[in-house]
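# Fold and contact review
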Amino acid sequence: MNEAAYLKIESKIQILDRDLFKYVNELISGQSLTSDEHLKIIIDSTERELAIYNYILKLIINNGNKN
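Below is a short write-up of the structure. Counting restarts for each chain, with residues numbered from 1 along the sequence as it is written. Where local features are concerned, this predicted model is filtered to residues with pLDDT of at least 70; where side-chain atom pairs are given and counted, the filter is 80 or more; whole-chain, interface and lining totals use all residues. Processing note: side-chain calculations cover all non-hydrogen atoms of the structure and skip hydrogens and water entirely.

## Let's talk about the environment of Ser-35
Topologically, Ser-35 is positioned in the loop between α1 (3–29) and α2 (36–66). Taking the C-alpha atoms as reference points, Ser-35 and Val-24, 11 residues apart in sequence, are found 13 Å from one another. Every helix listed is a DSSP run of H or I at least four residues long, and every strand listed is a run of E at least two residues long, numbered separately from the N terminus.

## Quick word on the nonpolar core
The biggest cluster of nonpolar side chains holds 11 residues, and these are Tyr-6, Ile-9, Ile-13, Leu-16, Leu-20, Tyr-23, Leu-39, Ile-43, Leu-50, Leu-57 and Ile-60. Only α1 and α2 provide two or more residues apiece to this core. In these notes, a set of buried Ala, Val, Leu, Ile, Met, Phe, Trp, Tyr and Cys residues joined through side-chain atoms within 4.5 Å is what counts as a nonpolar core. Categorising residues by exposure relies on relative accessible area from a 1.4 Å probe, with only protein chains included: less than 20% of the type maximum marks a residue as buried, more than 50% marks it as exposed, and the intermediate range marks it as partly exposed.

## Details of α1
Residue count minus one, scaled by 1.5 Å, sets the expected span of a helix. An ideal rise of 1.5 Å per residue puts 39 Å on 27 residues; α1 measures up with 39 Å between its terminal C-alpha atoms. Taken together, the buried positions of α1 are occupied by Tyr-6, Ile-9, Ile-13, Leu-16, Leu-20 and Tyr-23. Just beyond α1, the residue with positive phi is Gly-30, at close to 75 degrees.

## Re α2
Between its terminal C-alpha atoms α2 stretches 45 Å, which fits the 45 Å expected from 31 residues at 1.5 Å a residue. Residues Leu-39, Ile-43, Thr-46, Leu-50, Leu-57, Ile-60 and Gly-64 constitute the buried set of α2. Contacts: residue pairs with any heavy atoms within 4.5 Å of one another. Buried residues belonging to α2 abut α1.

## Some details on the pattern of salt bridges
Salt bridge, as used here: a side-chain nitrogen of Lys or Arg that lies within 4 Å of a carboxyl oxygen of Asp or Glu. Summed over all chains, the structure comprises one salt bridge. Note that Glu-49 and Lys-12 form a salt bridge whose closest N and O atoms lie 3.7 Å from each other. Here Glu-49 is found in helix α2, whereas its partner Lys-12 is found in helix α1, with 37 residues between them in sequence. Judged by relative accessible area, which is 29%, Lys-12 ranks as partly exposed.

## Concerning the packing of α1 against α2
Running from amino to carboxyl end, α1 crosses α2 at an angle of 155 degrees, the nearest separation of the two axes being 9 Å. With respect to α2, the axis of α1 lies roughly antiparallel. Taken as a pair, α1 and α2 cross one another with a handedness that is left-handed. The residue makeup of the contact of α1 with α2, split by class, is 18 nonpolar, two polar and seven charged. Fitted lines through C-alpha atoms give the axes, limited to the stretch in contact for helices. The angle between two N-to-C directions lies from 0 to 180 degrees. In this scheme, roughly parallel covers angles under 35 degrees and roughly antiparallel covers those over 145, while 65 to 115 is roughly perpendicular and the rest are oblique. Working rule for handedness: look at the near helix, and if it is turned counterclockwise from the far one by less than a right angle, call the crossing left-handed; if clockwise, right-handed. Gly counts as polar in this scheme, as do all residues outside two lists: the nonpolar Ala, Val, Leu, Ile, Met, Phe, Trp, Tyr, Cys and Pro, and the charged Asp, Glu, Lys and Arg.

Given below as C-alpha cells:
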C-alpha cells in the first residue's frame, strides 16, 4: 500500500470532517458570519469533497490489499 498517499488522504478527511462539524454547528446555532444559504453551500461542498476523499482512500486500501 502506498503509505504516504494513505496518510495524506486520511489527514485530509480528518480536516474536512472537523470543518464540516464546525459549519453544521454554526448553521444550527446561528452564530456564523456568513448567511445560512452560503453556509449550506459550504456544507454541501464539504460533504462532496469528503465523499471523494473517502472513495480515494477506499481505492488505496483496495489496491494495497491486492498487492
